[in-house]
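Below, each chain spelled out in residue letters.
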Amino acid sequence: MAARKSTAKKAAKPNVSAEELLTYYREMLLIRRFEEKAGQLYGMGLIGGFCHLYIGQEAVVVGLEAATKEGDKRITSYRDHGHMLACGMDPKGVMAELTGREGGYSKGKGGSMHMFSKEKHFYGGHGIVAAQVPLGAGLAFSDKYKGNDNVTFTYFGDGAANQGQVYESFNMAAIWKLPVIFVIENNQYAMGTSQARSTSTPDIYTRGEAFGIPGETVDGMDVLAVKAASEKAVAHCRAGKGPYILEVKTYRYRGHSMSDPAKYRTREEVQKMREERDAIEGVRQMLLTGNHASEEDLKAIDKEIKAVVNEAAEFSKESPEPALDELWTDIYA
């Protein structure tokens with residue numbers, strides 16, 4: 001049975017270069033600014049349907065992607081814009097898909113929850129809770145079958161962790177020693193019910209013990225802690241030792257989706273997290289106190305990223321809507 005292990009929040013910081021810190025800062029800031037712009041476009045009626053923002057959770061996917069190599073795969077749920085940007089997908093194509101335009105990654109037919117990129121090995125956001133978990137195990141089975149050392153990152157939330165298909169996937173992944181990292185993005189509230197009220201264990205990763213799957217908790221508001229845990233998990237999978245579980249404790253600042261007023265928590269709770277634990281601000285302070293960047297340098301980066309996001313928004317507005325005959329393409333029958 002796998003031993004319980006929890007990484008302490010006060011773990012020693014890994015050695016990291018100024019260049020790496022600036023890279024993580026840029027990548028997290030791109031996700032933050034992109035999501036803020038998406039929220040604006042939703043409010044203007046340019047994005048329809050559901051829209052789940054990743055604001056607050058940026059360190060999770062940026063830290064995990066820092067340990068990947070070409071050929072590694074990723075699959076996630078409907079809160080997926082951050083994952084797309086972190087793996088290198090074009091912000092213009094992502095934003096155009098959000099607005100339902102033909103310049104989007106799914107030709108404007110998938111929207112916020114259904115985008116894919118074969119080139120970036122991104123196998124989609126998925127709208128059905130936990131539906132992506134067995135699919136992620138299947139992607140890992142493909143690599144196992146081919147005999148390469150690629151790893152699949154299968155993301156799901158604390159709410160999805162209570163779905164039965166998660167444990168069926170754990171079982172098969174353990175039996176076949178699949179190279180899959182099950183990433184539980186625990187933002188503590190699922191759709192709106194706190195973990196304490198919905199989950200029988202304080203740490204969700206321990207549920208892997210029944211299947212002999214090792215795992216640990218990680219401070220998801222610390223990009224360097226996430227990166228260190230990701231490197232360990234990736235090494236485990238590439239060595240042929242089977243699956244690994246990372247429960248990344250994070251926090252979303254916005255509601256579950258744009259239509260959620262988030263009345264199940266106080267404004268003071270959210271504000272306290274923003275002021276004391278924000279992942280982007282944490283890296284910003286490291287850059288400043290380490291004399292790796294000046295205030296002017298960081299303002300310039302923010303300006304540059306806002307320009308990228310604004311360009312994506314303009315592209316999404318100018319890209320035409322799909323033609324009516326697109327209704328009959330990309331379907332099985």
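Our subject is the structure listed above.
Residues numbered from 1 in each chain as written. Predicted model: local features only at pLDDT ≥ 70, side-chain atom pairs only at ≥ 80, totals over all residues. Heavy atoms only, no water.

Caption draft 1: Inspection of the overall build of the chain at higher detail. The helix and strand inventory of the chain stands at eleven helices and five strands. Taken over C-alpha atoms, the radius of gyration comes to 19 Å for the chain, in line with the 20 Å a tight globule of 333 residues would show. C-alpha atoms of the chain, sized along the principal axes, occupy 60 × 55 × 40 Å. Within the span of the chain, comprising 333 residues, buried residues form 52% of the whole. Put simply, 75% of the contacts in the chain that link residues at least 6 apart link residues at least 24 apart. Accessible surface for the chain amounts to roughly 15,300 Å². Of this, 54% is attributable to carbon and sulfur atoms. (Helix = DSSP H or I, 4+ residues; strand = E, 2+ residues; numbered from the N terminus. Rg over C-alpha atoms; globule rule 2.2 N^0.38 Å. Buried < 20%, exposed > 50% of the residue type's maximum accessible area, 1.4 Å probe, protein only. Contact = heavy atoms within 4.5 Å. Areas by Shrake-Rupley, 256 points an atom, 1.4 Å probe, with all protein chains shown as cover.)

Caption draft 2: Here's a closer look at the packing of aromatic side chains. A full pass over the atoms with the stated rule returns eight aromatic pairs. Ring geometry for Phe-170 versus Phe-211: centroids 5.9 Å apart, planes at 75 degrees, classification edge-to-face. With a gap of 41 residues between them, Phe-170 in helix H6 (residues 164-175) and Phe-211 in the loop between helix H7 (195-198) and strand S4 (215-219) connect regions that are remote in the sequence. The exposure class of Phe-170 is buried, given its relative accessible area of 2%. For Phe-211, a relative accessible area of 25% puts it in the partly exposed group. Put simply, the rings of Tyr-167, Phe-170, Phe-182 and Phe-211 touch in pairs and so form one group of aromatic residues. (Phe/Tyr/Trp six-rings, centres within 6.5 Å; stacked < 30°, edge-to-face > 60°.)

Caption draft 3: Up close: helix H2 (residues 58-65). Most of H2 sits out of view: eight of its eight residues are buried. For H2, the set of buried residues is Glu-58, Ala-59, Val-60, Val-61, Val-62, Gly-63, Leu-64 and Glu-65.

Caption draft 4: Fine view of the side chain of Ser-112. Along the polypeptide, Ser-112 turns up in the loop between helix H4 (91-98) and helix H5 (132-146). Accessibility expressed as a relative area gives 4% for Ser-112, which makes it buried. For Ser-112, the side chain forms a polar contact with the side chain of His-81, separated by 2.7 Å. Apart from residues no more than four positions distant in its own chain, Ser-112 is found in contact with Phe-50, Cys-51, His-52, Tyr-78, Asp-80, His-81, Met-84 and Leu-98. (Polar contact = N/O pair within 3.5 Å; in protein donor to acceptor, adjacent residues only side chain to side chain.)

Caption draft 5: Focus on the environment of Phe-170. For Phe-170 and Thr-68, which are 102 residues apart along the polypeptide, the C-alpha to C-alpha distance reads 22 Å. Not counting the four nearest positions on each side in its chain, Phe-170 is found in contact with Phe-156, Phe-182, Gly-208, Phe-211, Ile-213 and Ile-245.

Caption draft 6: Spatial organisation of the pattern of salt bridges. Tallied over the full model, the rule gives 24 salt bridges. The salt bridge partner of Asp-149 is Lys-69, with a shortest N-O separation of 3.1 Å. Taken together, the residues span a long stretch of sequence, with Asp-149 in the loop between H5 and strand S2 (152-157) and Lys-69 in the loop between H2 and strand S1 (73-75) at a distance of 80 residues. Judged by its relative accessible area of 35%, Asp-149 is partly exposed. Two residues, Glu-314 and Lys-317, come together in a salt bridge whose shortest N-O distance is 3.5 Å. Pair noted here: Glu-314 and Lys-317 are both in helix H11 (residues 295-318), with a separation of three residues, about one helical turn. You can call Glu-314 partly exposed: its relative accessible area is 39%. (Salt bridge = Lys/Arg side-chain N within 4 Å of Asp/Glu carboxyl O.)

Caption draft 7: Representation of the environment of Thr-329 within the structure. With respect to the helices, strands and loops of the structure, Thr-329 is situated in the segment after H11. Among the polar contacts made by the side chain of Thr-329, one reaches the side chain of Glu-326 at a distance of 2.6 Å. Of note is the side chain of Thr-329, whose polar atom sits 3.5 Å from the side chain of Asp-330.

Caption draft 8: Spatial organisation of a nonpolar patch on the surface. A contiguous nonpolar surface patch, about 560 Å² in accessible area, is contributed by Phe-141, Tyr-145, Met-172, Ile-175 and Trp-176. Secondary-structure elements contributing two or more residues to the nonpolar patch are H5 and H6. Within the element layout of this structure, Trp-176 appears in the loop between H6 and strand S3 (180-186). (Patch = residues over 30% accessible without salt bridge, like charges linked within 9 Å, V, L, I, M, F, W, Y side chains within 5 Å.)

Caption draft 9: Molecular detail of helix H8 (residues 223-238). The terminal C-alpha atoms of H8, which comprises 16 residues, lie 22 Å apart, in line with the 22 Å expected from a rise of 1.5 Å per residue. Those residues of H8 lying buried are Val-223, Leu-224, Val-226, Lys-227, Ala-229, Ser-230, Ala-233, Val-234, His-236 and Cys-237. The backbone nitrogen of Leu-224 lies 3.0 Å from a side-chain oxygen of the residue at the head of H8, namely Asp-222. A positive backbone phi angle near 80 degrees is found at Gly-240, which sits one or two residues after H8. (Expected span 1.5 Å × (residues − 1).)

Caption draft 10: Inspection of the nonpolar core at higher detail. Counting 65 residues, the largest nonpolar core has Tyr-25, Met-28, Leu-64, Phe-153, Ile-181, Val-223 and Leu-246 as its most contacted members. The biggest single contributor to this core is helix H1 (residues 18-43), with ten residues. Setting aside its immediate chain neighbours within four residues, Met-28 contacts Glu-58, Ala-59, Val-62, Val-223, Ala-279, Ile-280 and Val-283. Grouped together as the second largest cluster of nonpolar side chains are 19 residues, Ala-130, Val-166, Phe-182 and Ile-213 included. (Core = buried A, V, L, I, M, F, W, Y, C linked by side-chain atoms within 4.5 Å.)

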